[in-house]
Amino acid sequence: MSKFCSLKEAVQHYVHDGELLYIAGFTHLIPFAAGHEIIRQGRKDLVLARATPDLIYDQMVAAGCVHKVIFSYMGNPGVGSLRIVRAALESGKLEWEEYSHFGMISRLQAGATGLPFIPMNQTAATDLEQHNPAIRRVVDPYSGKEVIVVPPLQPDVAIVHVQRCDANGNAHIWGIIGEQKEAAFAAKHVILTAEEIVDEAVIRSDPNRTLIPEFVVDAVCRVPYCAHPSYTQGYYDRDNTFYLAWDKISETPDEVQRWLDEWVYGVEDRAGYWEKLGDETHRRLQIKPRLAAPVDYGNY
Amino acid sequence: MATYSSSELMCVNAARLLRDGDRVFVGVGLPNLACNLAMRTHAPNLQMIYEAGVIGARPARLPLSIGDPTLVSGATAVCSMYDIFAFYLQRGNVDVGFLGGAQIDRFGNINATVIGEYDHPKVRLPGSGGSQEIAAWADRCYIITPHQKRRFPERVDFGTSAGYLDGRARRDAAGLNGKGPVAVVTDLGMLEPDESGELVLTALHPGITVEQVLANTGWPLKSAAKLRITEPPGKEELHILRDELDPQGIYLKGG
């Protein structure tokens, strides 16, 4: 398969039942289009890891794709409860594994750097450690004091959305960079989705902005508006109205199924979804430009 | 006399605890408003840091989420999540953290994880997010919460983040960078830890009685020898909150 492909092809080729997925993005750049494509292709028994499951995992759990979640904050950011994941945890229908944000991100950091574990200082809060056997203590060989350690997280597949990349997958990211780079380096396979595919010269004009290099990337997909209702800094706004609306939709399973039928199963791909959102939503999410001062790399 | 909501009262009192130049790890909602209020009054050099990896944010609009794009535009720096927790928080570069949770107990321990048994949750809450480390490593922590009996049990069901554990000596033994929860701001008054780490009532808001506070606390709360009455929210503070920071009343109309 060609590295530059459609999201549909990338999911067909790289995402399999039962695998461990990390769909990246801390509030920003969450590739909802990829979650929806996985739902459409009917993947089952997935283990989904994310610091913040966000609505994307709520929707994938509702669609029956998921066997277990690994997380560090399970809420609808700024709104309240993540109702579907929460109900599934309370009823025992979903397995879970839990960390603090730092623990979760340290697992990715270990996975991304090839280390057997990452140490963290103690926090004196030990209840989570007692319930999660992956969180352990080792003695610091220098001071003799105990530090907390977590093992590497190396997902089978990471899906990472970016503002722009070239056709080989050298990717520029700006705004909140969360755990994008760590997820890409930690995973065995990486599907990159991008708002724009640009000429290699654009990437080479600003190499400090390249967080992900082509050699960790397996598939490159051009998916404009991939992140909605999350956002892409400089391209479109976060759809807070939808985050609030989901709080209501997710109150009843029937409404959720209706929503999935209409907005996931009922559209062909992200282009169809975006068109269906309509002009009014497009206008609401439009943003004015705010350019950075140019940097001079010098001509040597 | 000006009238004000419970949320405005808590926000103003939290803002007054912030010092000029403080580097504050901010959450959305009331902590964000308190920081912005402090910046526009007595603490113009306060620095807002968000766990999404944003340093020196100057939000032009009220952010709904902790990862809102308005936090990035005009900030002094943006870094990865690993960096914000490791370089900034763990290294000791954060002066103030704000915490919240479903339960806060007698020793300032916080539960944001679960009501009931962990493995068989009665009510599953969001979990730690950044709060386990903020409570440990920010130099001072503040808690803003409505004062209700179910929120103030004798002992939390689950310790998401550490206050003074079962006494200050045990926190000290863990060798943490941070001092722990130095004040709890509620809609009835303020609680602060005594020398043993137990939260005691140190201030009442205007018009509130000790009996009201006791009736809404789940342990026999002690009162400080000198009980303060807080200054009511001023005209200027309320003007900034209502007209500049939250004109739609998203966070402030409560209570």
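Note that the coordinates shown come from a computational prediction; the quantities given were computed from them, not determined experimentally. (Residues numbered from 1 in each chain as written. Chains lettered and ligands numbered in written order. Predicted model: local features only at pLDDT ≥ 70, side-chain atom pairs only at ≥ 80, totals over all residues.)

J.: What is the right way to look at the overall build of chain A in this model?
T.: Looking only at helices and strands, one finds eleven helices and 14 strands in chain A. For a compact globule of 300 residues, the expected C-alpha radius of gyration is about 19 Å, and chain A comes in at 20 Å, within 12% of that figure. Each of the three principal axes of chain A carries a C-alpha extent, and together these read 65 × 60 × 40 Å. Going through the 300 residues of chain A one by one, you find that 49% of them count as buried. Within chain A, residue pairs in contact and separated by at least 24 positions form 75% of the contacts whose partners lie at least 6 positions apart. (Helix = DSSP H or I, 4+ residues; strand = E, 2+ residues; numbered from the N terminus. Rg over C-alpha atoms; globule rule 2.2 N^0.38 Å. Buried ≥ 20, exposed ≤ 12 C-beta atoms within 10 Å, placed from the backbone. Contact = placed C-beta atoms within 7 Å.)

J.: It is not clear to me how the overall build of chain B should be interpreted in this structure. Could you clarify?
T.: Assigned secondary structure in chain B consists of eight helices and 14 strands. Taking 255 residues into account, the globule formula puts the C-alpha radius of gyration at 18 Å, and chain B, at 18 Å, falls close to it. In terms of overall dimensions, chain B has a C-alpha envelope of 45 × 45 × 35 Å along the principal axes. Across the 255 residues of chain B, 56% fall into the buried class. Put simply, of all contacts in chain B between residues at least 6 apart along the chain, 66% involve residues at least 24 apart.

J.: I would appreciate a short explanation of the domain arrangement of chain A in the present structure.
T.: As a measure of interface size, the accessible area lost when the parts come together is often cited. Domain boundaries assigned for chain A yield domain 1 (7–98 + 153–285) and domain 2 (117–150). Just the C-alpha atoms count here: the centres of domain 1 of chain A and domain 2 of chain A sit 31 Å apart. (Domains from an automatic or database assignment.)

J.: Can you help me understand the sheet that holds strand E9 (residues 146–150) of chain A in this one?
T.: The strands that make up a sheet pair up through hydrogen bonds in the backbone, lying either parallel or antiparallel. Residues and elements named next belong to chain A. One open sheet accounts for three strands, arranged E7-E9-E8; its pairing is antiparallel. What marks the edges here is a single partner per strand, and that holds for strand E7 (118–120) and strand E8 (136–139). If you compare each strand with its neighbour and ignore which way they point, the axes differ by 45° on average. Here E7 pairs with E9 via three bridges, running antiparallel. From the neighbouring strand, Met 120 faces E9, where its bridge partner is Ile 148. Running over the sheet, helix H5 (residues 101–113) touches E7 and E9 and is turned about 155° from E7. (Pairing = 2+ DSSP bridges. Axes fitted to C-alpha atoms, helices over the stretch in contact; angles between N-to-C directions.)

J.: Just to check I follow, could you spell out the interface of chain A and chain B for this structure?
T.: The partner chain B presents 40 residues to the 41 residues of chain A that form the contact. Within the residue set of the side of chain A that touches chain B, elements represented by two or more residues are helix H4 (83–90), H5, helix H6 (127–131) and helix H7 (180–186) of chain A. Per-element accounting of the side of chain A that touches chain B gives the leading share, four residues, to H5 of chain A. Tallied by class, the residues present in the side of chain A that touches chain B amount to 15 nonpolar, 16 polar and ten charged. (Nonpolar A, V, L, I, M, F, W, Y, C, P; charged D, E, K, R; others polar.)

J.: So what exactly am I meant to see when it comes to the packing of helix H1 (residues 6–17) of chain B against helix H2 (residues 30–40) of chain B here?
T.: The description of two packed helices rests on the angle between their axes and on the distance between the axes. All names here are of chain B. The geometry of H1 relative to H2 is characterised by a closest axis approach of 8 Å and an angle of 55° between their N-to-C directions. One finds that H1 runs oblique with respect to H2. As H1 runs across H2, the sense of the crossing is right-handed. From H1, Ser 7, Met 10, Cys 11, Val 12, Ala 14 and Ala 15 reach across to H2, where they touch Leu 30, Leu 33, Ala 34, Leu 37 and Ala 38. Of the residues belonging to the contact of H1 with H2, the class tally is ten nonpolar, one polar and no charged. (Parallel < 35°, antiparallel > 145°, perpendicular 65-115°, else oblique. Left-handed = near helix turned anticlockwise from the far one by under 90°.)

J.: Sorry, what's going on with the nonpolar core here?
T.: Grouped together as the largest cluster of nonpolar side chains are 175 residues, with contacts concentrated most on Ala 158 and Leu 192 of chain A together with Cys 11 of chain B. Counting residues domain by domain, this core receives three or more from each of domain 1 (7–98 + 153–285) and domain 2 (117–150) of chain A. In contact with Leu 192 of chain A, not counting residues within four places along its chain, are Val 160, Val 162, Cys 165, Gly 169, Ala 171, Ile 212, Val 217, Ala 219, Val 220 and Cys 221 of chain A. (Core = buried A, V, L, I, M, F, W, Y, C linked by C-beta atoms within 7 Å.)

J.: Honestly, unusual backbone geometry in this entry has me stumped. Any pointers?
T.: For residues that are not glycine, phi is negative in most cases, and the peptide bond is trans in most cases. All names here are of chain A. A cis amide bond links His 228 with the next residue in sequence, Pro 229, at an omega value of 10°. Turning to its location among the elements, Pro 229 is positioned in the loop between strand E14 (219–222) and helix H9 (240–249). Of note, the phi angle at Thr 27 is positive, near 65°, even though the residue is not glycine. By the element assignment, Thr 27 lies in the loop between strand E1 (20–23) and helix H2 (32–40). Even without glycine at this site, Tyr 225 takes up a positive phi of about 65°. You can see Tyr 225 is positioned in the loop between E14 and H9.

J.: Even after reading the chapter, I still don't get helix H4 (residues 81–90) of chain B, so can you show me in this structure?
T.: Given 3.6 residues per helical turn, the α-helix brings residues three or four places apart onto the same face. Taken across its ten residues, H4 of chain B has seven buried, putting it largely inside the fold. Residues Met 81, Tyr 82, Ile 84, Phe 85, Ala 86, Tyr 88 and Leu 89 of chain B constitute the buried set of H4 of chain B. Residues of H4 of chain B that are buried sit in contact with H5 and H7 of chain A together with strand E1 (23–26), strand E2 (47–50) and helix H5 (131–137) of chain B. Gly 92 of chain B sits one or two positions beyond H4 of chain B and adopts a positive phi of about 95°.

J.: What exactly am I supposed to notice about the sheet that holds strand E5 (residues 96–99) of chain B here?
T.: Residues and elements named next belong to chain B. Read from one edge to the other, the open sheet built from ten strands follows the order E4-E3-E2-E1-E5-E10-E11-E12-E13-E14, with strand pairing classed as mixed. Strand pairing shows two members of the sheet lacking a second neighbour, strand E4 (77–78) and strand E14 (223–229), which therefore form its edges. Packed on one face of the sheet, H2 meets E1, E2, E5 and strand E10 (140–144) and runs near 155° to E1.

J.: Would you take a moment to explain helix H3 (residues 54–62) of chain A for this structure?
T.: Residues and elements named next belong to chain A. When you tally the buried positions in H3, you get nine out of nine residues, the bulk of the element. Within H3, burial applies to Asp 54, Leu 55, Ile 56, Tyr 57, Asp 58, Gln 59, Met 60, Val 61 and Ala 62. The positive-phi residue at the C-terminal boundary of H3 is Gly 64, with phi of around 80°.

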